[in-house]
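Below, each chain spelled out in residue letters.
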Amino acid sequence: MLRVARSYVATREAAEDVVQETWLGVINGLDRFEERSSLKTWMFRILVNRAKTRGEREARSRPFSSLETLDLLDPRVDEPAVDPSRFNTHGRWAGYWSSPPSVAALPEDSVVIAEAGERLVAAIDGLSPSQRLVITLRDVQGLSAAEVCDLLQVSEGNQRVLLHRARSKVRATLECYLDDRAGGA
Amino acid sequence: MRQPEVRCVEFVEQVTQWLEGGLTDEERLLFEEHLAYCSPCSRFMVQFRQSLALSRMADGYMRQGPPPMVRAALQDAFRQSRR
Ligand SMILES: [Zn+2]
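Residues numbered from 1 in each chain as written. Chains lettered and ligands numbered in written order. Predicted model: local features only at pLDDT ≥ 70, side-chain atom pairs only at ≥ 80, totals over all residues. Heavy atoms only, no water.

Things to note about the interface of chain A and chain B
Contact residues are listed per partner, giving 47 residues for chain A and 44 residues for chain B. Buried area between chain A and chain B, summed over both chains or domains, comes out near 3800 Å², and the portion from carbon and sulfur atoms is 67%. Among the salt bridges present, the one from B:E20 reaches A:R138, with a minimum N-O distance of 2.7 Å. For the side of chain A that touches chain B, the secondary structure elements donating two or more residues are α2 (12-29), α3 (39-59), α5 (110-125), α6 (129-140) and α8 (156-184) of chain A. No other element matches α8(A), which puts 11 residues into the side of chain A that touches chain B. Among the residues forming the side of chain A that touches chain B, the class breakdown is 31 nonpolar, 7 polar and 9 charged. (Contact = heavy atoms within 4.5 Å. Buried area = accessible area lost by both parts, 1.4 Å probe. Salt bridge = Lys/Arg side-chain N within 4 Å of Asp/Glu carboxyl O. Helix = DSSP H or I, 4+ residues; strand = E, 2+ residues; numbered from the N terminus. Nonpolar A, V, L, I, M, F, W, Y, C, P; charged D, E, K, R; others polar.)

Structure, rendered in structure tokens:
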């Protein structure tokens, strides 16, 4: 929830306020809650609305707001899933890996999995606000594509592009971690 | 006429679309064909799926859970909705 709120507001304190307000909103609204949406979606709707309001208020006092960044839900800006230098650019194998992923799998070791998980959380926190929002709602919270499009007012296509970019960066982080382990240890 | 085959550079851009069922039948076949014969891309896919699984565990809010007061109110609501 904090991660979602942070996409809209500037500081951690503001995000914590928003989460608090959301819980209050959830309690107060429970009677009105109908089962047209899942409880989780409904809760995120409250959260996003409060965070947006808060972010807009903040935006008036700052030159650049996270909201403006958020409005750049713009897939036209080309941002490849994998560093282009990892593919051949010439010859018969142009477009095929020149520097392919080397290690496939994470070992089934809970310590390693926890460590990789921490790296991934850091990677998610480092994403752009819009990518962070989409991957948090979809992959961390498990909302459906339709729910997220509705919640954030983005088109299905843009939602998917943002999700793919976010996932690609998270995957790249995992790859780095796997390579570090293979090389270093 | 047959479409040009999917190369790795295209494959890595289509993974989410494939997972979400967003490819056309023809695109899906070409994608799956590539996945079947290209081992670097199948390693890429394993990593992609594993990072998805890890994201699902990255849920701080679920780990901490809602404040106790909220939890009680939510449980009440669930009980009522099941009646
Ligand atoms: Zn390939």
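A short note on the coordination of the zinc ion
Residue and element names in this part refer to chain B. On the protein side, the zinc ion has C8 (SG), H34 (NE2), C38 (SG) and C41 (SG) as donor atoms, found 1.9 to 2.3 Å from it. Metal-centred angles of 103 to 114° between the 4 donor atoms at the zinc ion mark the site as tetrahedral. Counting residues between consecutive donors of the zinc ion along the chain gives the motif C-x25-H-x3-C-x2-C. In this pair, C8 is assigned in helix α1 (residues 8-19) and H34 in helix α2 (residues 25-37), connecting sequence segments 26 residues apart. The exposure classification of C8 matches that of H34, with both residues buried. (Donors = N, O, S within 2.8 Å, 3.2 Å for Na, K, Ca; no water. Tetrahedral: all angles 85-135°; square planar, octahedral: opposite > 155°, others 65-115°. Buried < 20%, exposed > 50% of the residue type's maximum accessible area, 1.4 Å probe, protein only.)

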